[in-house]
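Chains, contacts and geometry: an overview
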Amino acid sequence: MRRGGAPSAIAVLFVLIAWAGLYVFLLATDRTSLYLSARTAWLVPVGAIILIVSVVGYLVTRPDSPALSNRSVSGLALVALPVVVVIALPPASLTSFAASRRSSFASAAFVTSVEDISTGSLSLADVAGAVRSDEAMAALTARAGAEVEFVGFVSRDPGVPADEFLLTRFLISCCVADALSVQVRIVDAPAGEFKQDQWVQVTGNLFPLNNEVVVQAEDVVKVPRPKHPYLNA
Amino acid sequence: MAQAALTPIDTRSAWRRSFVAVAALAGIAVVLNLLNPARIPALQNFLLVFSSLLIEAMPFILLGAVVSAVIEVFVPRSVFDRLASLPRAVQLPAAGLTGFAFPVCECGSVPVARRLAHKGLSAGAAVTFMLAAPILNPVVLVSTIIAYRGRDILVPIVVGRATLGLLAALAVGWIVANKTSGELLSATAEDDEHAHHADSRAGSFFSHLTGDFIFMGRFLVLGAAVAATMQTFVPQTWIASIADTPFLSLIAMMALAFVLSLCSESDAFVAASFVQFGVGAQLAFLVFGPLVDTKLAFLYSGTFSREFLRTVVLVVGAVVFAGTLWVEVIVG
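Worth saying up front: this structure is predicted, and the values here are computed from it rather than measured. (Residues numbered from 1 in each chain as written. Chains lettered and ligands numbered in written order. Predicted model: local features only at pLDDT ≥ 70, side-chain atom pairs only at ≥ 80, totals over all residues. Heavy atoms only, no water.)

1. Focus on the overall build of chain B
The cut-off we apply is this: Helical segments are the DSSP runs of H or I of at least four residues, strand segments are the runs of E of at least two, and each set is numbered from the N terminus. Buried, partly exposed and exposed residues are distinguished by accessible area as a fraction of the type maximum, computed with a 1.4 Å probe on protein chains only: under 20%, between the cut-offs, and over 50%, respectively. A residue counts as positive if it is Lys or Arg and as negative if it is Asp or Glu; His and the chain ends are not included. Taken as the charge location is NZ of Lys, CZ of Arg, CG of Asp or CD of Glu.
Helix and strand content of chain B: 17 helices and zero strands. A principal-axis box enclosing the C-alpha atoms of chain B has dimensions of 65 × 60 × 35 Å. Per-residue burial over chain B gives 60% buried out of 332 residues. Charged side chains in chain B number 19 positive and 19 negative. The centres of these two groups are separated by 5 Å.

2. A word on the packing of helix α2 (residues 43-61) of chain A against helix α3 (residues 41-74) of chain B
Put simply, the rule reads: Note on geometry: axes are C-alpha line fits, over the in-contact stretch for helices, and angles between N-to-C directions span 0 to 180 degrees. Convention used here: angles under 35 degrees read as roughly parallel, angles over 145 as roughly antiparallel, angles from 65 to 115 as roughly perpendicular, and any remaining angle as oblique. Definitions for this section: a left-handed crossing has its near helix turned counterclockwise from the far helix by less than a right angle. A right-handed crossing has that turn clockwise. In what follows, a contact means two residues having at least one pair of non-hydrogen atoms within 4.5 Å. Classes in brief: Ala, Val, Leu, Ile, Met, Phe, Trp, Tyr, Cys and Pro nonpolar; Asp, Glu, Lys and Arg charged; the others, Gly included, polar.
In the contact formed by α2 of chain A and α3 of chain B, the axes pass within 9 Å of each other and the chain directions differ by 45°. Relative to α3 of chain B, α2 of chain A is oriented oblique. As for how α2 of chain A packs across α3 of chain B, the hand of that crossing is left-handed. Contacts from Leu43, Val44, Val46, Gly47, Ile50 and Leu51 of chain A in α2 of chain A reach Ile55, Glu56, Pro59, Phe60, Leu62, Leu63 and Val66 of chain B in α3 of chain B. Here the residues of the contact of α2 of chain A with α3 of chain B are counted per class, giving eleven nonpolar, one polar and one charged.

3. Things to note about the domain arrangement of chain A
Often the size quoted for an interface is simply the accessible area lost on bringing the parts together. All names here are of chain A. What counts here: Here the bounds of each domain stem from an automatic or database domain assignment. The term buried area refers to how much accessible surface (probe radius 1.4 Å) is lost by two components on association, counted for both of them together.
We note that the domain assignment places domain 1 (7-88) and domain 2 (96-232) within chain A. A C-alpha centroid distance of 37 Å is found between domain 1 and domain 2. With nine residues of domain 1 at the interface, the matching set in domain 2 holds eleven residues. Buried area between domain 1 and domain 2, summed over both chains or domains, comes out near 780 Å², and the portion from carbon and sulfur atoms is 51%. The largest per-residue losses of area from domain 1 upon contact with domain 2 belong to Ser33, Leu34 and Ser37, which jointly make up 53% of the total buried on that side.

4. So, the pattern of salt bridges
Condition: Salt bridge, as applied in this entry: a Lys or Arg side-chain nitrogen positioned within 4 Å of an Asp or Glu carboxyl oxygen.
By the definition in use, this model includes ten salt bridges over all chains. Taking the shortest distance from any N to any O, the salt bridge between arginine 185 of chain A and glutamate 164 of chain A comes out at 3.4 Å. One end of the pair, arginine 185 of chain A, is in strand β3 (residues 180-187); the other, glutamate 164 of chain A, is in the loop between β1 (147-155) and β2 (165-172), and 21 residues separate them in sequence. In this structure, arginine 185 of chain A and glutamate 164 of chain A share a single accessibility class: buried. When salt bridges that share partners are traced, they join Glu72, Arg114, Arg115 and Asp212 of chain B into one network.

5. Brief notes about the packing of helix α3 (residues 70-88) of chain A against helix α2 (residues 11-35) of chain B
Closest axis-to-axis distance for the α3 of chain A/α2 of chain B pair is 9 Å, and the angle between their directions is 25°. In this view, α3 of chain A runs roughly parallel relative to α2 of chain B, as classed from their interaxial angle. Handedness of the crossing formed by α3 of chain A with α2 of chain B: right-handed. Residues Asn70, Val73, Ala77, Ala80, Leu81, Val84, Val85 and Ala88 of chain A of α3 of chain A form the contact with α2 of chain B, whose participating residues are Arg17, Ser18, Ala21, Leu25, Ile28, Ala29, Leu32 and Asn33 of chain B. Grouping the amino acids of the contact of α3 of chain A with α2 of chain B by side-chain chemistry returns twelve nonpolar, three polar and one charged.

6. Overview of the pairing of β2 of chain A
All names here are of chain A. Heads up, the condition is: Here, any two strands with at least 2 DSSP bridges between them count as paired.
Counting buried residues in β2 gives eight out of eight residues, a clear majority hidden from the surface. Neither face of β2 is open: one carries Phe165, Leu167, Arg169 and Leu171, the other Leu166, Thr168, Phe170 and Ile172, and all of them are buried. Here β1 pairs with β2 via three bridges, running antiparallel. If you follow phenylalanine 153 over to β2, its bridge partner there is threonine 168. Sheet topology places β2 next to β3; seven bridges connect them, and they run antiparallel. In the sheet register, phenylalanine 170 faces β3, and the bridge partner there is serine 181. Bridge analysis of β2 against strand β6 (residues 231-232) gives two bridges, and the strand direction is parallel.

Structural data, given as structure tokens:
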């Protein structure tokens, strides 16, 4: 067994500081919403606090550390790897690639009430909820022609007319791994003006057709990716 | 070969290998930055899912490690010896129902179970607690209610999830009940346990806390990498075609739960989206996933003996299959 300043203790401290730094980095750069939903965002400060306390506690108490072996060096590097990935990865969110990997019927888990759909302005969350049940879809159908303003990214299937695309947004309940997509078909958009995965704001009139929701566009403008790219379930 | 990997290396070698590891990590950072993953959609998708799974799961591992370190340092072994002397028919259900009071997901319950077994609680009780907690804890039950509110299958889903989850946990607990902690835990986990010493209670606490974090962390990283790979390259559409097939739909949803590796606190929202599947198949997803998934497979493999993973997969699979089949017959 080796005390405090041994390579093993320094390596353990390095990994702890790296993970503490990652959570502080997420807080400082406001990037938590790229990975977690609002209901799990508390994990980031909690993770940072436990890790910072662990670093301080480890430094103060200087417990014995097992000597390093080839396997433990690899293990420590493996634990540190996600920190490197997150910090090196430019800010990004799921794209149309992810939408294409998820089945279309998995777009219908969002919970919203018939009352929410029947009154006030309509959101993409309302659309997701409407696809989920006949009652909610009936409530949405009753509002056919309503003016809507949706923000999402462009998802274009091959073969669709140039003035059409799917406006896509993901809903997450805990983290990106559980993302579900909600899509509305935009028609009468400026032909060929918007590339795949471009974030846009669409203003137009909404028309539910069977299990699909169509928006006849009045105006489509490019916008930057929102600070919170995912809707929260 | 394996023994050589575990043999301590001298200080100079340790420094050299540590520098190589740091250089490799720095190299990965540079490559990622130059590569611009946005140009490679599959790579970007993999990295986002991988990072997201770990950013969410690591604090649960830490919370589990804190509880585990508290148990190790502050709870006397005699408490667990007394608990271990209770009849099995009392011990296992009590351990399972304790899950109601432990509101963390499956990643947090593994280090606690490992500690409980090491500290003297019977292997059956430790495993029953570990498997029941991710399903029975109140946060998971409430999120299941929220995900299914307004649906006519709300009651069978919530009651079925809690009941089948407890039954599956009890079944595995019963099967491993005769094992000692040495037989239950992997040799690596035992070695790691013996490696943490300190002169003070505080030192011992931080030694075990950080030890658990590092030990569990590496298996979690491997599991998250495999789960993210499967989420990126295995399209979910393959499963849609068998939604109406009675037996296959149950197995397919268990397989999907294994592949997706979702947190038990969020999986109900995803399960509720599979409206083409019957109540039994949705329930199979909700019970199987928190007990056996890709990242858990790595955590179990690192923590427990080699046959433990096989036992969990077979027993949980059989209980969930039989149970959900009955639910399908009665409710569906």
